[in-house]
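Observations on chain architecture
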Amino acid sequence: MTTDRRVPIEWLLIAAILIGGALLRGVAPATPPLTEPEARHTLLAAAEAGQPPSLTGMAALGAPTDAAYHALTALVFQGFGTGDGAARAVPMLAGALLLGLPLLARRWLGRWETLVAILLFALSPALTTVARTASGRSLALLGISFVGLCLMELWTGNKP
């Protein structure tokens, strides 16, 4: 008895879209330069990483508002050094993970609808911009979407 070991075209398309979307979010992370709000978040993360910025008015920046972004970016800074690209690494990773969330809703969406949802997520200018902005918005969007999918799973009682 022979088994068919071919990968369905659906999974090849999903993989290609996920890789393309991740590349779209990750290409040239240091361009354009950080904006003023992005720089504030980055300076706070650098201070948490024990790499005080060469800025005398650090107290004027205020309390951190994106705690998860600051903590994760501080880890990136400790491991890989500071820079515009490193400041955007965490949001880009969260944005790339967001592309795969429709796979978790595949039972409710259907096979090809999931593919279309992933394609729309990958090509969305808004999601791409959020993923390339040094802030906690991408992490928040990923977390809220994941919690929404978990609640949908609980409410449906594991029935699609």
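What you see as residue numbers is a count from 1 along each chain, following the sequence as written. This being a predicted model, a pLDDT of at least 70 is required before a residue's local features are given, and a value of 80 or more before pairs of side-chain atoms are given or counted; all residues contribute to the totals for chains, interfaces and linings. Excluded from the side-chain calculations are hydrogens and water; all other atoms, namely the structure's heavy atoms, are used.

1. Notes on the overall build of the protein
How we decide: Secondary structure counts use DSSP, requiring at least four H or I residues in a row for a helix and at least two E residues in a row for a strand, with both numbered from the N terminus. Only protein chains enter the accessibility calculation, which uses a 1.4 Å probe. A residue is then buried if its area is under 20% of the maximum for its type, exposed if over 50%, and partly exposed in between. Contact definition: two residues touch when any of their heavy atoms are within 4.5 Å. Reported accessibility uses the Shrake-Rupley method at a 1.4 Å probe radius. Residues are deemed covered only where the shown protein chains occlude them.
Counting its regular elements, the protein contains ten helices and zero strands. Beginning at the N terminus, the succession of helices and strands in the protein can be written as α-α-α-α-α-α-α-α-α-α. With 160 residues in all, the protein has 32% of them scored as buried. Restricting to contacts in the protein with at least 6 residues of sequence separation, those with at least 24 account for 73%. Taken as a whole, the protein presents about 9,600 Å² of accessible surface, with 71% of it coming from carbon and sulfur.

2. Here's the deal with a nonpolar patch on the surface
Going by this rule: In this analysis, a patch consists of residues with relative accessible area above 30% that form no salt bridge, clustered at 9 Å for like charges and at 5 Å for the nonpolar side chains Val, Leu, Ile, Met, Phe, Trp and Tyr. The rule for a salt bridge is simple: a side-chain nitrogen of Lys or Arg has to be within 4 Å of a carboxyl oxygen of Asp or Glu.
On the surface, Val-147, Leu-151, Leu-154 and Trp-155 cluster together into a nonpolar patch covering about 480 Å² of accessible area. Within the secondary structure layout, Val-147 lies in helix H10 (residues 137-155).

3. Re the side chain of Glu-10
Among the secondary structure elements, Glu-10 is positioned in helix H1 (residues 9-26). Among all residues touching Glu-10, those that are not within four sequence positions of it are Arg-106, Arg-111, Trp-112 and Leu-115.

4. Brief notes about the side chain of Glu-38
To keep it simple, the criterion reads: Polar contact criterion, stated in full: a pair of N or O atoms within 3.5 Å, where within protein one must be able to donate a hydrogen and the other to accept it, and residues adjacent in sequence count only if both atoms are side-chain atoms.
Its location among the elements puts Glu-38 in helix H2 (residues 36-48). In terms of polar contacts, Glu-38 uses its side chain to reach the side chain of Arg-88, at 3.2 Å. Dropping the residues within four chain positions of it, Glu-38 is found in contact with Pro-33, Arg-88, Arg-132, Thr-133 and Ala-134.

5. Quick look at the pattern of salt bridges
A complete count under the given rule lists four salt bridges for this structure. The partner of Glu-10 in a salt bridge is Arg-106, with the nearest N and O atoms 2.5 Å apart. A residue pair is termed long-range when its members are at least 10 positions apart, and Glu-10 in helix H1 and Arg-106 in helix H7 (residues 106-109) qualify at 96 residues. When its relative accessible area of 24% is taken as the criterion, Arg-106 is described as partly exposed. Among the ionic pairs, Glu-10 bridges to Arg-111, the shortest N-O distance being 2.9 Å. Of this pair, Glu-10 sits in helix H1 while Arg-111 sits in helix H8 (residues 111-123), and the two are 101 residues apart along the sequence. By relative accessible area, Glu-10 is classed as buried at 3%. On the accessibility criterion, Arg-111 (45% relative accessible area) is partly exposed.

6. Details of the packing of aromatic side chains
Operational definition: In summary, the pairing rule links any two rings of Phe, Tyr or Trp, Trp by its six-membered ring, whose centres are within 6.5 Å, and it sorts them by plane angle into stacked for under 30 degrees, edge-to-face for over 60 and tilted for everything else. Two conditions define a charge located above a ring, namely a distance within 6 Å from the ring centre to NZ of Lys or CZ of Arg, and an angle within 35 degrees of the ring normal.
What the rule picks out here adds up to zero aromatic pairs. One residue, Arg-107, lies across the ring of Trp-108, its end atom 5.0 Å from the ring centre.

7. Some thoughts on the environment of Leu-141
On the secondary structure map, Leu-141 appears in helix H10. Classification of Leu-141 by relative accessible area gives partly exposed; the value is 32%. Sequence separation of Leu-141 and Leu-98 is 43 residues, and the distance between their C-alpha atoms is 8.0 Å. Leu-141 has contacts with Leu-98 and Leu-127, leaving out every residue within four places of it along the chain.

8. Overview of the nonpolar core
Filter applied, for reference: Nine residue types can take part in a nonpolar core, namely buried Ala, Val, Leu, Ile, Met, Phe, Trp, Tyr and Cys, and a core is a set of them joined through side-chain atoms within 4.5 Å.
Membership of the largest hydrophobic core is limited to twelve residues, which are Leu-34, Ala-45, Ala-46, Ala-49, Tyr-69, Ala-74, Val-76, Phe-77, Ala-86, Ala-87, Val-90 and Ala-134. With four residues, helix H3 (residues 67-80) is the largest single contributor of residues to this core. When near neighbours in sequence (up to four residues on either side) are disregarded, Ala-45 contacts His-70, Thr-73, Ala-74 and Phe-77. Ranked by size, the runner-up nonpolar core spans seven residues in total, among them Leu-98, Leu-101, Leu-142 and Leu-149.

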